[in-house]
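One-letter residues, chain by chain:
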Amino acid sequence: MGYKETYEKWITDPYFDEETKKELLAIKDDEAEIEDRFYKQLEFGTAGLRGVIGAGTNRMNYYTVRQATQGLANYILKQGGAERGVAIAHDSRNMSPEFTKEAALCLNANGIKTFIFDSLRPTPELSYAVRKLGCIAGIVITASHNPREYNGYKVYWEDGAQVTPPHDTGIMDCVKEVTDFSMVKTMDEDDARSADLFRVLGSDFDDLYLEEVRRQSIHPEIIPEMAKDIKIVYTPFHGTGNVPVRRTLAALGFTQVFVEPEQKKPDGNFPTVDYPNPEDEKAWVRALALAKEMDADIVLATDPDADRLGVYCKDTKSGNYVSFTGNMSAMLIAEYILQEKTAGGTMPENPAIVESIVSTDLAKAIAAYYKVDLFEVLTGFKWIGKKILEFEETGSHNYVFGMEESYGCLAGTYARDKDAIVAVMMLCEVAAFYKKQGKTLWDAMIDLYEKYGYYKEGIATMTLKGIDGAAEIKAKMDRFRNEPPKELGGLRVLASRDYQKDERKDFATGEVASTGLPASNVLYYELEDNAWCCVRPSGTEPKIKFYFGVKGSSMEDADAKLALLHKDMLAGQ
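Throughout, residues of each chain are indexed from 1 in the direction in which the sequence is written. It should be noted that, the model being predicted, local features are given only for residues of pLDDT at least 70 and side-chain atom pairs only at 80 or more, the latter also being counted only at that level, while totals for whole chains, interfaces and linings use all residues. With hydrogens and water excluded, all non-hydrogen atoms of the structure serve as input to the side-chain values.

**Q** Could you clarify how one ought to interpret the pairing of strand β3 (residues 114-117) in this entry?
**A** Looking along a regular strand, one sees side chains alternate from face to face of the sheet. Relative accessible area decides the class of each residue, using a 1.4 Å probe on protein chains only: under 20% of the type maximum gives buried, over 50% gives exposed, and in between gives partly exposed. Only DSSP runs of H or I reaching four residues or more are called helices, and only runs of E reaching two or more are called strands; each is numbered from the N terminus. Here β3 shows no split at all, with T114 and I116 on one side and F115 and F117 on the other all buried. What makes two strands pair is DSSP finding at least two bridges between them. Strand direction decides the pairing type here: strand β2 (residues 86-90) and β3, joined by three bridges, are parallel. Within β3, the residue paired with V86 across the bridge is T114. When the strands point away from the viewer, a crossover counts as right-handed if the route from the first strand across the helix to the second turns clockwise. Handedness of the crossover joining β2 and β3 through helix α5 (residues 96-109): right-handed. Of the strand pairs in this sheet, β3 and strand β6 (residues 198-201) are connected by four bridges, and their pairing is parallel. Directly across from I116, in β6, lies its bridge partner V200.

Structure follows, in structure tokens:
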């Protein structure tokens, strides 16, 4: 059936509600819009669903959410997991509560019990809930840091991490088998409650989660001593972070916490930001204005589902607020944890740090200094979660810290996804630790660079939407794969890694070896002088991403090297 026929079915079939039909009839003369909404089924990939909210097969709506959930239900039934149930959480995005209920009632209609939070919650709390409740799976309705028109659907498995092989492909196959909406089950909420299939989680569960977060503190005794001297400005960007962040900081003794008033209330329209992403400097305007007014030491922001943390810190020498990348803030936390656990004799045996392949090489230097093993995994925190599970099952290592460059990290193993709540807590504790020494976080960052080298990283993205965009992204990846560069930024390419082919090729010797990681459409170039580049399509957005990393002898040297790499990598694009 072509897209026009599918469109006609949606506006005439009694299965679809009148609001959906009204929305679709309003675009009856817009051929391009009809094609974009119906040319394909919204893809259920390894990260679940993510798309623009609206009517159509290529949109996030009641019907596509139910269809995906029926596929998940079929897989859970095959695994014999109905009795264990599914935990479901959602963020502040438009339609998140509605999609949550639709997913729950579809699962309930298949005899699978669900545990639903009574209101919005951070994504990492869902990860914790899956393991705490002994569920077979979990769902989070969120589009993370995407623009306001998006929503999404992420699936977690029993270990608390987002699904990885074989469950990811198993679920995808089951979703593909749901080819018609007549195959989708649902039921009335009252009936589901009466059957004890629809269960609700309240604030008592928050207490359990936040207690686990606070247990990651290393020196809680420092905080009351320094709290009155540290001013913290925080914004949740209209998302889920406000309550848990404030509760956590208050419980530890921080008293000078100021929340940006216009951004503290949950709102899926994100009225004060174009893009609720800590990586977007325009989203910080209000928080930075409040920071200057309050003379704050640090400024913090969490994304809508509170798994990512962005940071600014005041440089007392210049009086300006300096932006920290996700790599920088994570390395401050990593250094603090390793340093203080080593000094206090609390480092576990066979300690390990885990990072994604596009994260900073500064992590390798820090790990080597403290004699901690470092493991690289593919992009996506689910692979870090999978590594934690591997350590537990084999007993080979004890996880200490994990991070990825996209503003996400995790201290502790209570959850298996990145957690901005624990990141806020740890970074504020680090700030108190250094404040006692008369230093700011920026001073501490410079100390890190002086100790290990000026590692600096960058990222560039190209957004290419629609059918033509998808084809262009594929063409770009094909060019890099078939015609690998020999030099970038004036530096020789020493080796390439093609994770899709599972090949690492040494250009000097011609030797080809395995990458040691699962297949993924990622290309990575190892350069001389401790530099590297990487390119991959986004798994959740219509983008192709470019990553760069260098090591300089000074900030200026690192900046210059990074600029050359950036220019060369994008030159052919």
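**Q** It is not clear to me how empty space enclosed by the protein should be interpreted in this structure. Could you clarify?
**A** Throughout, the protein atoms alone are placed on a 1 Å grid, and a set of points is a cavity if a 1.4 Å probe fits but cannot get out or a pocket if it is open with protein on both sides within 12 Å along at least five of seven lines; lining residues have an atom within 4 Å of a point. Grid points are joined across faces, edges and corners, and a volume is the space filled by probe spheres set on the points. In the structure shown here, the tally under the stated rule is two cavities of 30 Å³ or more. For the largest cavity, the calculated volume is near 80 Å³. Lining the largest cavity we find I230, D297, I298, C313, A431, K435, K439, T440 and L441. Counted as a void, the second largest cavity has a volume near 70 Å³. If you go around the second largest cavity, the residues you meet are L309, G326, S329, A330, I333, E404, Y407, G408, C409, A423 and L427. Going through the elements one at a time, α13 (326-344), β15 (408-411) and α16 (420-435) are the ones with two or more residues in the lining of the second largest cavity. Among the elements that line the lining of the second largest cavity, the one with the most residues is α13, at four residues. Asp, Glu, Lys and Arg are counted as charged, while Ala, Val, Leu, Ile, Met, Phe, Trp, Tyr, Cys and Pro are counted as nonpolar; the rest, among them Gly, fall into the polar class. Its residues assigned to classes, the lining of the second largest cavity comprises seven nonpolar, three polar and one charged.

**Q** Would you mind showing me how to read the packing of helix α9 (residues 203-214) against α16 here?
**A** Packed helices, taken two at a time, are described by their axes: the angle between them and the distance between them. Relative to each other, α9 and α16 sit at 40°, their axes nearing to 9 Å. Between α9 and α16, the crossing angle belongs to the class labelled oblique. By crossing handedness, the relation of α9 to α16 is classed as right-handed. Listed contacts from α16 to Y209, L210, V213 and R214 of α9 are I421, V422 and M425. In the contact of α9 with α16, the residues fall into six nonpolar, no polar and one charged. Throughout, an axis means a line fitted to C-alpha atoms (over the contacting stretch in the case of helices), and angles, computed between N-to-C directions, take values from 0 to 180 degrees. Working definition: roughly parallel below 35 degrees, roughly antiparallel above 145 degrees, roughly perpendicular at 65 to 115 degrees, and oblique for all remaining angles. Two helices crossing with the near one rotated counterclockwise from the far one by less than a right angle form a left-handed crossing, whereas a clockwise rotation gives a right-handed crossing. What makes two residues a contact is simply this: any of their non-hydrogen atoms within 4.5 Å.

**Q** Can you help me understand the packing of aromatic side chains in this one?
**A** Each aromatic ring pair is summarised here by two numbers: the centre-to-centre distance and the angle between the ring planes. Between rings of Phe, Tyr and Trp, where Trp is taken as its six-membered ring, a pair exists when centres lie within 6.5 Å; planes separated by under 30 degrees are stacked, by over 60 edge-to-face, and by other angles tilted. According to the stated counting rule, one finds 29 aromatic pairs in the structure shown. On the basis of an interplanar angle of 70° and a centroid distance of 5.2 Å, the ring pair of Y336 and F433 is categorised as edge-to-face. Of the two residues, Y336 is situated in helix α13 and F433 in helix α16; the sequence distance between them amounts to 97 residues. Classification of Y336 by relative accessible area gives buried; the value is 0%. Of the aromatic side chains, those joined through ring pairs into one cluster are Y7, W10, Y15, F16, F38, Y63 and F181. Working rule: Lys NZ or Arg CZ, within 6 Å of ring centre, within 35 degrees of ring normal, means a charge sits over the ring. Taking NZ or CZ as reference, K451 lies 3.9 Å from the ring centre of Y369, over its face. Over the face of the ring belonging to Y524 we find R497, whose NZ or CZ atom lies 3.9 Å from the ring centre.

**Q** How do you make sense of the packing of helix α14 (residues 362-369) against helix α17 (residues 441-452) when you look at a structure like this?
**A** The contact between α14 and α17 brings their axes to 11 Å, and the two run at 75°. When the axis of α14 is compared with that of α17, the two are roughly perpendicular. Contact residues: L362, A365, I366 and Y369 in α14; M445, L448, K451 and Y452 in α17. The residue makeup of the contact of α14 with α17, split by class, is seven nonpolar, no polar and one charged.

**Q** Mind showing me how you'd approach the sheet that holds strand β1 (residues 49-52) here?
**A** Within a beta sheet, neighbouring strands are joined by backbone hydrogen bonds and run either parallel or antiparallel to one another. The sheet built from six strands is open, its strands ordered β1-β5-β4-β2-β3-β6 with mixed pairing. Two strands close off the open sheet at either side, each with one partner strand: β1 and β6. With strand direction ignored, the average angle separating the axes of adjacent strands in the sheet is 20°.

**Q** For this particular structure, what's the right way to read helix α15 (residues 381-394)?
**A** Structurally, the α-helix is built with 3.6 residues per turn, so residues lying three or four positions apart point the same way. Working rule for helices: expected span equals 1.5 Å times residues minus one. Taking 1.5 Å of rise per residue, 14 residues should cover 20 Å, and α15 covers 20 Å from first to last C-alpha, within 8% of that figure. Residues of α15 that are buried: F381, K382, W383, I384, G385, K387, I388 and F391. Check the buried side of α15 and you find it contacts β12 (351-356), β13 (373-377), β14 (398-404) and β15. Among the residues trailing α15, G395 stands out with phi positive, at a value near 75°.

**Q** Whenever I open this one, unusual backbone geometry confuses me. Can you help?
**A** In terms of backbone geometry, most residues other than glycine have negative phi values and most peptide bonds are trans. Residue P166 follows P165 across a cis peptide bond; omega there is 0°. Turning to its location among the elements, P166 is positioned in the loop between β5 (150-157) and α7 (167-176). Positive phi outside glycine occurs at F270, with the angle close to 45°. Structurally, F270 is set in the loop between β8 (257-259) and α12 (285-294).

**Q** Would you explain the environment of M331 in this entry?
**A** Locating M331 in the fold gives a position in helix α13. For the pair M331 and F44, spaced 287 residues apart in the sequence, the C-alpha separation amounts to 34 Å. When near neighbours in sequence (up to four residues on either side) are disregarded, M331 contacts T360, L362, A363, I366, M403 and L448.

**Q** Before we go on, may I ask you to explain the pattern of salt bridges in this structure?
**A** Two side chains that carry opposite charge are able to pair once their charged atoms sit near each other. Whenever a carboxyl oxygen of Asp or Glu lies within 4 Å of a side-chain nitrogen of Lys or Arg, that contact is scored as a salt bridge. Summed over the entire model, instances satisfying the criterion amount to 48 salt bridges. A salt bridge links D498 to R481; the nearest nitrogen and oxygen atoms lie 2.8 Å apart. Placement of D498 in strand β18 (residues 491-498) and of R481 in helix α18 (residues 466-482) is noted, with a sequence separation of 17 residues between them. Among the residues examined, D498 registers a relative accessible area of 8% and is labelled buried.

**Q** I would appreciate a short explanation of the layout of surface pockets in the present structure.
**A** Leftover empty space is mapped by rolling, across the atoms, a probe with the size of a water molecule. When its volume is computed, the second largest pocket comes out at roughly 470 Å³. Along the wall of the second largest pocket there are 26 residues; nearest its centre are Q41, T57, Q67, V178 and T179. Elements supplying a minimum of two residues to the lining of the second largest pocket: α1 (3-12), α4 (62-78) and α7. Here the element with the most residues in the lining of the second largest pocket is α1; it accounts for four residues. Among the residues forming the lining of the second largest pocket, the class breakdown is 14 nonpolar, seven polar and five charged.

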